[in-house]
Amino acid sequence: MHVVHKKKHLSLAAKFNFLTIGLILVTAVGISVFLIRSQISYSYRNLLNHGLSVAAMVSHNSEYGIYTEDKESIGNIVKSLAVDADIAYVCLYKKKRKLICENFTSEIKMPTLHHYKKSYRSLKILEEEFVNKKDGFRYIDILAPVISISISTIDNDSAGVLGNDRGVNDQKIIGYVQLGLTQEGLRKRVRQIIASTAYVTGICVLVGVAVTLFLTKRIASPIRELNIVTQKISEGILEQSIKITSRDEISDLAQAFNHMLERLRAYRNQVEERTNALIDANQKMSQEIAERKRMERALEQKTKEIGRSNSELEQFAYIVSHDLQEPLRKVMAFGDRLLKKCGETISNEGKEYIARMQSASERMKTLITDLLVFSRLRTKAQPFVQVDLAKVAREVLSDLEIKIEQTGGAVKLGELPTIDADPLQMRQLFQNLIGNALKFHRKGESPVVDVQVCMLENQENDSRGNSHNKSCQITVEDNGIGFDEKYADRIFGVFQRLHGRDEYEGTGIGLSICQKIVERHEGSIKAKSVPGKGAKFIITLPMKQGKGENHG
């Protein structure tokens, strides 16, 4: 005979007690901490404001005494502060010479005037905390300038301590008031705040615990009776009913439970019918799943075929572009020979035809070169290494030196970082963006190109699912002709131009190359512009590339 041992578990009443009392304790502690910190902050601000007010008052009242070096009147001002328990010391200075120094608290090593030299910028009152090495207590040191408005010259000795003290209205600092606040009174008030808050919190916690225990006793008894009946119903005895004499939410629950039992008896007959229907539905779903898997395999096969087709197209573009260069070179070479050997016998109209032919051949050569670069971005790509973008940008500027001189332009480079990238493609990226900025400049105005960078944190996952914790955002901004932002996506297409070939040279592939380079580096590029007010290209690149990626 086996004896079944049931695991002991906490009752609902015990869980309710633990939860409620825990919430009471956490809430009470949180509110107490908040009140204590608020009161401490309020007391500290009051102490600091009191010190600032006293320092300003002493600064104002001691102007005449410091200016005339009347030590007696200044001494009276200082002695009147001895009754203030929050003031530890008061010092008054004229220039670098100390007139009076009263230490109401002994053995305090105060900050010197030279301590404020680097942080002083105006005629404001300065303050900072310091720890006295003698007693280990914290003090607040306040430095207030004594300002004279009637004197227009400035003293070199005073300026040497805290910089140029001249105000906007020929104000002049003729001295300083150094006042120290002790935090002993603040510590006493803090102890009183903590004691009173802890006392009130303890009373509130005791009252809350008592109320919780009382409510638990009143609620748990009918719930216990409800639990006994529901256990019998769980054994399959649906004829069982619940009887509750109380008139509250538990009574409503019992009535709802009895109504549920009646519906369960009605649903019992429907379960078998629905079970058979579910079996038929499962069979149909299995067939649909098999069909979907078949379609997924076909789609995967199509995707592979498209990938192979794209690769073949890239190879085809490279081969065709490469083979076109040889006959084009012959056209250009024979055109040059024709002009050189037969130039005297050819009419002006013939020479114009040859010039047009050579111009078209030159454009064709540029187009083929750009197509080669575009088709080889992935097929001939180099692996990613550490690339110093600042060095790459300087090399690009060296290549564009003649163009910069011709346009009278200027290029400003910020502090560019070092990232994981393809060095050749980074050079192509900067070459195209800076070259475009120099090319599309407004007539009669020299182009100015500004290249800056800022760091970004916690970027979202890229298209391959790699998470880049840190990225850099590079902006290339110019003052050129700009463009309408409704064409912001169009400019990155192959052979897309917003201006005629006669206005600006080029094939319309440069920005397409930039976009393809950025996408290969798992970054993004976008453009912002206003017609006639320049354009800004924003490139976001990860600092580190994920391990094991295929960068080819």
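Residues numbered from 1 in each chain as written. Predicted model: local features only at pLDDT ≥ 70, side-chain atom pairs only at ≥ 80, totals over all residues. Heavy atoms only, no water.

Q: So what exactly am I meant to see when it comes to the overall build of the protein chain here?
A: Along the backbone of the protein chain there are 11 helices and 12 strands. Expressed as a percentage of the 552 residues in the protein chain, the buried residues total 34%. (Helix = DSSP H or I, 4+ residues; strand = E, 2+ residues; numbered from the N terminus. Buried < 20%, exposed > 50% of the residue type's maximum accessible area, 1.4 Å probe, protein only.)

Q: How should the environment of Leu-261 be read in this particular structure?
A: Following the sequence through the fold, Leu-261 ends up in helix H6 (residues 249–342). Distance from Leu-261 to Ile-233, taken between C-alpha atoms, is 8.8 Å for residues 28 residues apart in sequence.

Q: Honestly, the nonpolar core in this entry has me stumped. Any pointers?
A: Within the largest apolar cluster, 41 residues are counted, with the highest numbers of intra-cluster contacts made by Met-426, Phe-430, Ile-434, Phe-537 and Ile-539. Apart from residues lying up to four places away in sequence, Phe-430 is in contact with Leu-389, Val-392, Ala-393, Val-396, Leu-416, Gly-435, Val-451 and Ile-474. Counting residues in each nonpolar core, the second largest holds 25 residues, with Ala-55, Ile-66, Leu-81 and Val-90 among its members. (Core = buried A, V, L, I, M, F, W, Y, C linked by side-chain atoms within 4.5 Å. Contact = heavy atoms within 4.5 Å.)

Q: For this particular structure, what's the right way to read the packing of aromatic side chains?
A: Two descriptors summarise a pair of aromatic rings, namely the distance from one centre to the other and the angle between the planes of the rings. Per the stated rule, a full pass over the model turns up 1 aromatic pair. Relative to Tyr-139, the ring of Phe-130 has its centre 5.9 Å away and its plane inclined at 25 degrees; by these criteria the two rings are stacked. As far as the burial class goes, Phe-130 and Tyr-139 line up, both buried. Across the ring face of Phe-137, the terminal group of Arg-187 is positioned such that the distance to the ring centre comes to 4.3 Å. (Phe/Tyr/Trp six-rings, centres within 6.5 Å; stacked < 30°, edge-to-face > 60°. Lys NZ or Arg CZ within 6 Å of the ring centre and 35° of its normal.)

Q: Whenever I open this one, the confidence of the model for the protein chain confuses me. Can you help?
A: Detailed conclusions should not be drawn from predicted coordinates in areas where pLDDT is low. Chain-level statistics for the protein chain give a pLDDT mean of 76 and a share of 74% at 70 or above. pLDDT under 50 marks residues 151–168. Its contacts with residues more than four places away, or in other chains, come to 40 contacts. (pLDDT = per-residue confidence, 0-100.)

Q: What is the right way to look at unusual backbone geometry in this model?
A: The phi dihedral of Glu-69 falls on the positive side, at around 55 degrees, and the residue is not glycine. For Glu-69, the position within the fold is in the loop between helix H2 (63–68) and helix H3 (71–79). Positive phi, close to 55 degrees, is recorded for Glu-522, a residue that is not glycine. For Glu-522, the location among the structural elements is in the loop between helix H11 (510–520) and strand E11 (524–529).

Q: Explain the side chain of His-521 to me, please; I cannot follow it from the model alone.
A: Among the structural elements, His-521 can be located in the loop between H11 and E11. Accessibility expressed as a relative area gives 1% for His-521, which makes it buried. A polar atom in the side chain of His-521 sits 3.0 Å from the backbone nitrogen of Asp-422. Residue contacts for His-521: discarding those within four places in its chain leaves Phe-384, Asp-420, Ala-421, Asp-422, Gln-425, Met-426, Leu-541, Pro-542 and Gln-545. (Polar contact = N/O pair within 3.5 Å; in protein donor to acceptor, adjacent residues only side chain to side chain.)

Q: Help me understand the environment of Ile-513 in this model?
A: The topology assignment puts Ile-513 in helix H11. Each C-alpha atom of the pair Ile-513 and Phe-492 lies 8.3 Å from the other, and the pair is 21 residues apart in sequence.

Q: Would you mind going over H11 with me for this structure?
A: Along an α-helix, residues three or four positions apart point the same way, because every turn accommodates 3.6 residues. Across the 11 residues that make up H11, a large majority, 8, are buried. Leu-511, Ser-512, Ile-513, Cys-514, Lys-516, Ile-517, Val-518 and Arg-520 are the residues of H11 that are buried. Of the residues one or two after H11, Glu-522 is the one with positive phi, at around 55 degrees.

Q: Would you mind going over the pattern of salt bridges with me for this structure?
A: Where charged atoms of side chains with opposite charge meet at close range, the side chains can pair. Inspection of the entire model under this criterion finds 8 salt bridges. Across the pair Arg-427 and Glu-395 runs a salt bridge, and its minimum N-O distance is 2.9 Å. Residue Arg-427 is located in helix H10 (residues 423–439), and its partner Glu-395 is located in helix H8 (residues 389–399); the two are separated by 32 residues in the primary sequence. The class for Arg-427 is partly exposed, based on a relative accessible area of 26%. Residue Glu-395 is classed as partly exposed on the basis of its relative accessible area of 31%. Note that Asp-399 and Arg-427 form a salt bridge whose closest N and O atoms lie 2.3 Å from each other. Of this pair, Asp-399 sits in helix H8 while Arg-427 is found in helix H10, placing the two residues 28 residues apart along the sequence. A single network of salt bridges, built from pairs that share partners, joins Glu-395, Asp-399 and Arg-427. (Salt bridge = Lys/Arg side-chain N within 4 Å of Asp/Glu carboxyl O.)

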